[in-house]
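# Observations on the model geometry
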Amino acid sequence: MDNAAFRAEVREFLESHLTDDLRDAAQLGFGVDRSACSSWHRTLFEKGWIAPEWPVEHGGTGWTLTQRHIFDTELALAGAPMLMPFGLQMVGPVIYTFGTVEQKAQHLPGILDGSTWWCQGYSEPGSGSDLASLKTAAVRDGDDYVVNGQKIWTTNAHKADWIFCLVRTEFDGKPQRGISFLLIDMSTPGIEVRPIISIDGLHHLNEVYFTDVRVPAANRIGEENQGWTYAKFLLGHERTSIAGVAASQRNLRALESVARELPVLGGSFRERLADTAVKLDAVEALESRVLAEAARGGSPGDEASLLKILGTEVMQAIEALRVEASGYYAMPFEREMIAAEVPADPPGPDFALRAVSDYNFGRAHTIYGGSNEIQRNVIAKAVLGL
Ligand SMILES: Cc1cc2nc3c(=O)[nH]c(=O)nc-3n(C[C@H](O)[C@H](O)[C@H](O)COP(=O)(O)OP(=O)(O)OC[C@H]3O[C@@H](n4cnc5c(N)ncnc54)[C@H](O)[C@@H]3O)c2cc1C
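Residues numbered from 1 in each chain as written. Predicted model: local features only at pLDDT ≥ 70, side-chain atom pairs only at ≥ 80, totals over all residues.

## What about the overall build of the protein chain?
Going by this rule: Only runs of H or I of at least four residues qualify as helices and only runs of E of at least two qualify as strands under DSSP, and these elements are numbered from the N terminus. The atom set for the radius of gyration is the C-alpha atoms, and the globule formula is 2.2 Å times the number of residues raised to the power 0.38. Put plainly, a residue is buried at 20 or more neighbouring C-beta atoms within 10 Å of its own, exposed at 12 or fewer, and partly exposed in between, counting only other residues' C-beta atoms, which are placed from the backbone.
Assigned secondary structure in the protein chain consists of 13 helices and eight strands. At 22 Å, the protein chain has a C-alpha radius of gyration in line with the 21 Å of a compact globule built from 386 residues. Structurally, the protein chain occupies a C-alpha span of about 75 × 45 × 45 Å along its principal axes. Buried positions account for 37% of the 386 residues belonging to the protein chain.

Below you can see the structure in the form of structure tokens.
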């Protein structure tokens, strides 16, 4: 099928399946309601379109990179709910790459059909950037590990069925060498989830406490004490997905239409808008390069760090421009003065609220998935050899 026909097929599918309710639910990002997100996930699964990045033998679509790009862009432009990345983009690739036959059979179907939700148990108090210093301990006892410790900033732990966790299984020597990668059922006795309310007023984040939690050793991915290798593989995939190119394109287009309607948004605003649009094009090109490398079987690697930095900085630039533009809808006095310039059909009443909420939460883009300062350190060391 040629690309134009493929795009038309995706658009037709979106027109008939993406309801207004789903579009509304999508506005909440990570705060999306589980049932709305799962219903959209299921719709894509039933169509066979849920895991374009996965190898075909595990449920992937076999699309070309261009088709994948078209698909992501069309979904974002149409305002589809985000799919939770923790299963599809993070632990799924780890399980099909390093998991046992039993682990693949147990976990991949639920990730694909969206019936199982996952969360990511990497960060701990004092072990975020310095992740290898993590202290949550897993001590072997017969066929089980007994896990004690605390994770923090665990997105959607309160909605998840399973958590993939980095735990310490060896306590001496180089910190990276004593880490193992465990899959833990969130209903296991001894797990307590406590909410953290973020600056957007929503509950995405949590602390997760483990007290004498028994986890079968069969739930360990790969070798004991080799978890750092699997953890880094996962982070490469996570950083690639964080760049948010398609979502930025959608927000930028909305902003362009507001700028066209409101000449009062002056030259400086337009210059910054144009500058951001050019930067987004560059991020898009870099994303294609990283994805092409991954599709050839390579690891997203160090370029994923570059993509994460540039993609998240563009996201924040767009969020700042949205707040600036929304001022003209939020202030009655200004609005009167520029009445002739306010479009007859202005963006919805939520425009300013959403812009401010996204701006506030968007401070986190440059922190999660490994802060941008740390990504700069990675580039300095691994790419520039400094
Ligand atoms: C919204 C959000 C969602 C998250 N979701 C999850 C999740 O689901 N699961 C999970 O495991 N974690 C999650 N995290 C945690 C995230 O990965 C960490 O916040 C991040 O790795 C930074 O760690 P930290 O918060 O401990 O900050 P710190 O490591 O304490 O860093 C504080 C500041 O110091 C800077 N800094 C630290 N070390 C250096 C250095 N060597 N050189 C230069 N600068 C340095 C950092 O860049 C940062 O600006 C989430 C975080 C946020 C904000």
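## Quick word on helix 13 (residues 372-383)
The following threshold applies: Any helix carries an expected span of 1.5 Å times its number of residues minus one.
Between its first and last C-alpha atoms helix 13 spans 15 Å; for 12 residues at 1.5 Å apiece the expected length is 16 Å, and the two agree. One or two residues past the end of helix 13 sits Gly385, with phi positive at roughly 65°.

## A look at the site of the ligand
Let me state the cut-off plainly: Using a C-beta atom placed from the backbone, a residue is scored as near a molecule or strand whenever that atom is within 6 Å of it. The classification used treats Ala, Val, Leu, Ile, Met, Phe, Trp, Tyr, Cys and Pro as nonpolar, Asp, Glu, Lys and Arg as charged, and all other residues, Gly among them, as polar. Each domain's extent is set by a domain assignment, obtained either automatically or from a database.
Around the ligand, a shell composed of 19 residues is seen, among which Tyr122, Gly128, Ser129, Ser371 and Glu373 lie nearest. Going through the elements one at a time, strand 1 (118-121) and helix 13 are the ones with two or more residues in the shell around the ligand. Of the residues in the shell around the ligand, the class split is eight nonpolar, 10 polar and one charged. Residue contributions to the shell around the ligand reach at least three from each of two domains, namely domain 2 (118-226) and domain 3 (243-383).

## Some words on unusual backbone geometry
Even without being glycine, Asp212 reaches a positive phi, approximately 50°. Turning to its location among the elements, Asp212 is positioned in strand 7 (residues 205-216). The phi angle at Asn225 is positive, at roughly 70°, despite the residue not being glycine. Along the chain, Asn225 turns up in the loop between strand 8 (220-221) and helix 7 (227-242). Of the residues examined, Asn225 has 16 C-beta atoms within 10 Å and is grouped as partly exposed.

## A look at helix 4 (residues 65-78)
Note the following rule: Within this analysis, the arc is defined by the directions that extend from the helix axis to the C-beta atoms. Residues are scored as being in contact if the C-beta atoms we place from backbone atoms lie within 7 Å.
The end-to-end C-alpha distance of helix 4, which contains 14 residues, comes to 20 Å, matching closely the 20 Å that a straight helix rising 1.5 Å per residue would cover. Restricting attention to buried positions, one finds in helix 4 the residues Phe71, Asp72, Leu75 and Ala76. Angularly, the buried residues of helix 4 cover 120° about the axis, an arc narrow enough to put them on a single face. Contacts from the buried residues of helix 4 go to helix 1 (3-17) and helix 8 (245-261).

## Considering the domain arrangement of the protein chain
Taken as a whole, the protein chain is organised into domain 1 (3-83), domain 2 (118-226) and domain 3 (243-383). The partner domain 3 presents five residues to the four residues of domain 2 that form the contact. Of the residues in the side of domain 2 that touches domain 3, the class split is one nonpolar, two polar and one charged.

## Considerations on the packing of helix 4 against helix 8
This is how it is decided: Throughout, an axis means a line fitted to C-alpha atoms (over the contacting stretch in the case of helices), and angles, computed between N-to-C directions, take values from 0 to 180 degrees. For classification purposes, an angle smaller than 35 degrees is called roughly parallel, one larger than 145 roughly antiparallel, one from 65 to 115 roughly perpendicular, and anything else oblique. In this scheme the handedness of a crossing depends on how the near helix is turned from the far one: anticlockwise by less than a right angle means left-handed, clockwise means right-handed.
At a minimum axis distance of 8 Å, the contact between helix 4 and helix 8 shows a crossing angle of 40°. One finds that helix 4 runs oblique with respect to helix 8. Crossing geometry of helix 4 relative to helix 8 is assigned as right-handed. Contact residues: Asp72, Thr73, Leu75, Ala76 and Leu77 in helix 4; Ala246, Ala247, Gln249 and Arg250 in helix 8.

## Observations regarding the environment of Gln103
By the secondary structure assignment, Gln103 is in helix 6 (residues 101-113). Judged by C-beta crowding, with 19 C-beta atoms within 10 Å, Gln103 ranks as partly exposed. Each C-alpha atom, one on Gln103 and one on Ala364, is 33 Å from the other, the two residues being 261 residues apart in sequence.

## Describing the environment of Arg68
Residue position: Arg68 is located in helix 4. Overall, the presence of 17 C-beta atoms within 10 Å leaves Arg68 in the partly exposed class.

## Examining the packing of helix 8 against helix 9 (residues 267-295)
Contact geometry for helix 8 and helix 9: axes closest at 11 Å, N-to-C directions at 160°. Taken together, helix 8 and helix 9 sit at an angle that is classed as roughly antiparallel. As helix 8 packs across helix 9, the resulting crossing turns out to be left-handed. Facing Val245, Ser248, Gln249, Leu252, Leu255, Glu256 and Ala259 of helix 8, the residues of helix 9 in contact are Phe269, Arg270, Leu273, Thr276, Ala277, Leu280, Val283, Glu284 and Glu287. Residues that form the contact of helix 8 with helix 9 fall into these classes: nine nonpolar, three polar and four charged.

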